[in-house]
Amino acid sequence: MSLEYNKKLIPFAKSLRKNATPEENHLWYDFLRSYPIRFQRQKTIGQFIADFYCDRAKLVIELDGSQHFTPEGISHDEARTAAIETYGVAVLRFTNRDINRSFPAVCTQINSVVEERLERWKEESS
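This write-up is about the structure you can find in this document. (Residues numbered from 1 in each chain as written. Predicted model: local features only at pLDDT ≥ 70, side-chain atom pairs only at ≥ 80, totals over all residues. Heavy atoms only, no water.)

## Some words on the pattern of salt bridges
Keep this limit in mind: The rule for a salt bridge is simple: a side-chain nitrogen of Lys or Arg has to be within 4 Å of a carboxyl oxygen of Asp or Glu. The secondary structure listing takes helices from DSSP runs of H or I that are at least 4 residues long and strands from runs of E that are at least 2 residues long, numbered from the N terminus. Exposure is judged per residue with a 1.4 Å probe applied to protein chains only, and the accessible area is read against the type maximum: over 50% gives exposed, under 20% gives buried, and values in between give partly exposed.
Per the counting criterion, the structure on display carries five salt bridges. Close ionic contact of Arg80 with Glu62 constitutes a salt bridge, the shortest N to O distance being 3.0 Å. Of the two residues, Arg80 is situated in helix α3 (residues 71-85) and Glu62 in strand β3 (residues 59-64); the sequence distance between them amounts to 18 residues. Judged by its relative accessible area of 10%, Arg80 is buried. Between Glu116 and Arg120 there is a salt bridge, and its shortest N-O distance comes to 3.0 Å. Here Glu116 and its partner Arg120 are both found in helix α5 (residues 103-125), four residues apart, which amounts to about one turn of the helix. Judged by its relative accessible area of 45%, Glu116 falls in the partly exposed class.

Set out below in structure tokens:
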């Protein structure tokens, strides 16, 4: 299934790429940019913009700052995750604190989830 997106979000997604948070830049430049499976930054999916997206693994990675931990933020993230999952895409969330304090563990977890999802697609295709 191809991912739907709102074309009107593309300029905002480009702006987010240019003005990434330090944690987004750290994950991108120090891991995802050179990861052997392609990831995209600030990918539009439906009515949302995902921080990072891997098409082959059908995986979104979201980095959550403090605004995500308010009641409104939690509710918004739950709705957003549910909407993205309708495309068969998994959502993996990390806090900015995870990036700053446990970066190697974050990278290991991302790699494990990507490998698991690729293996699952391979088995389902056989």
